[in-house]
Amino acid sequence: METSGLLLEWTEAPWDTAIYGYPVLQIIRIEVIGPSAPDDLSSFETARDRLGAGLVSCRLPHERLNESMLLEDRGFRFIEMVYLPELDDLKNRSLREQSGLDIRLAVEGDIPALRDIAGSAFRNERLYMDPRLDAELSDERYRRWVHNSLSHPGQRLYVVTGDGYPVAFFITEMFPDGTCYWHLNAVAPEAQGRGYGRRVWNAMLGQAKSAGAVRVRTCIAARNHRVLNLYARLDFRFPPPLMTFHWVRPAQP
């Protein structure tokens, strides 16, 4: 949608629609370009209500305050700030640290254990933190993501084992420009606090390098400060952050 005051692009998130039982929408681009933007946004709200959407999310560059204020005026609420850590020039980095871990592509038999990890590891994420949403559905979202990644055409699910059991998993995707994107990763709750974090992340950097990646990128919520510190220790750089907003349909009285 493009008017004299507003540029807006949105789409449905079918994977979230399947979880929540009502349409979940994503605003993927919004730009305020004129004073009529508040009125122009009404056509999107009409489409949202016609579809019966219960949740709309939007992620904006941190400096887009005109857009964030417009959204907040229309019932959106700030949920999180996210960072996009990246490590470039991977092929020239020395990754000789001995991890003592085994990394392999997951198979169907690994899924129950990895689903258990996914169902309890993502308590800093936006859908879990928003008090208006069912936290259990957020856990289920990540369980399904793990299972569905086995058949995804581009994503790969890796299981990391140490001391004879799964200690972590990573869902990755390799792009044509040599970027290995880490979509989702977690250390098993029972393995946390035992020194696995740095070893696992270093091992997965080695995996990406051996697969031909020239860089690794990912996304992480600012509130997950322990993992942010881990990325900093591994020499990742942090481009400017993004803001995330949610609109949630008010509960019927």
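Notes on the structure in this doc start here. Just so we're clear, the structure is a prediction, and the values are computed from it rather than from any experiment.

Topic: the packing of helix H5 (residues 111-121) against helix H7 (residues 135-149)
So, step 1. One can describe the packing of H5 onto H7 by two numbers: an axis separation of 8 Å at closest approach and a directional angle of 150°. As H5 packs across H7, the resulting crossing turns out to be right-handed. Contacts between H5 and H7 involve Ile111, Leu114, Arg115, Ala118 and Gly119 from the first element and Asp139, Glu140, Tyr142, Arg143, Arg144, Val146 and His147 from the second.
So, step 2. Considering only residue class, the contact of H5 with H7 consists of 5 nonpolar, 2 polar and 5 charged.

What about the sheet that holds strand E1 (residues 6-12)?
So, step 1. Within the open sheet, the 6 strands sit side by side as E1-E2-E3-E12-E4-E11. Their pairing is mixed. The open sheet terminates on both sides in strands that have one partner only, identified here as E1 and strand E11 (220-221).
So, step 2. One ladder, built from 2 bridges, connects strand E4 (residues 77-83) with E11; its direction is antiparallel. Following the sheet pairing, Val82 is matched in E11 by Ala221.
So, step 3. Here helix H4 (residues 65-73) sits on the sheet and contacts E1, strand E2 (24-32), strand E3 (55-61), E4 and strand E12 (242-248); the angle it forms with E2, its principal contact strand, is near 130°.

Examining the state of the cysteines
So, step 1. On inspection of all chains with the given rule, the structure shows 0 disulfides.
So, step 2. The closest cysteine sulfur to the non-disulfide-bonded Cys180 is located on Cys219, 15 Å from its own sulfur.
So, step 3. Residue classification places Cys180 among the buried residues on the basis of a relative accessible area of 2%.

Observations concerning the pattern of salt bridges
So, step 1. This structure, assessed with the given rule, holds 20 salt bridges.
So, step 2. One salt bridge connects Asp49 with Arg249, and the closest N-O pair in it is separated by 2.9 Å. Residue Asp49 is located in helix H3 (residues 42-51), and its partner Arg249 is located in the segment after E12; the two are separated by 200 residues in the primary sequence.
So, step 3. Judged by its relative accessible area of 38%, Asp49 is partly exposed.
So, step 4. For Asp110, the salt bridge goes to Arg104, with nearest N and O atoms at 2.7 Å.
So, step 5. Given the relative accessible area of 32%, Arg104 is considered partly exposed.
So, step 6. In the salt-bridge network here, residues are joined through shared partners; they are Arg115, Glu136, Glu140, Arg143 and Arg144.

A few points about the nonpolar core
For soluble globular proteins, nonpolar side chains are generally found buried alongside one another.
So, step 1. Ranked by size, the top nonpolar core spans 43 residues in total, and within it Val167, Phe169, Trp182, Val200 and Trp201 carry the most contacts.
So, step 2. With 7 residues, helix H8 (residues 196-210) is the largest single contributor of residues to this core.
So, step 3. Every residue in contact with Val167, bar those within four places of it in the chain, is listed here: Leu101, Val160, Thr161, Gly162, Ala186, Val187, Ala188, Ala191, Tyr196 and Val200.
So, step 4. Grouped together as the second largest cluster of nonpolar side chains are 18 residues, Ala37, Phe44, Leu60 and Trp247 included.

Quick notes on the rules
Residues numbered from 1 in each chain as written. Predicted model: local features only at pLDDT ≥ 70, side-chain atom pairs only at ≥ 80, totals over all residues. Heavy atoms only, no water. Axes fitted to C-alpha atoms, helices over the stretch in contact; angles between N-to-C directions. Helix = DSSP H or I, 4+ residues; strand = E, 2+ residues; numbered from the N terminus. Left-handed = near helix turned anticlockwise from the far one by under 90°. Contact = heavy atoms within 4.5 Å. Nonpolar A, V, L, I, M, F, W, Y, C, P; charged D, E, K, R; others polar. Pairing = 2+ DSSP bridges. Disulfide = S-S within 2.5 Å. Buried < 20%, exposed > 50% of the residue type's maximum accessible area, 1.4 Å probe, protein only. Salt bridge = Lys/Arg side-chain N within 4 Å of Asp/Glu carboxyl O. Core = buried A, V, L, I, M, F, W, Y, C linked by side-chain atoms within 4.5 Å.

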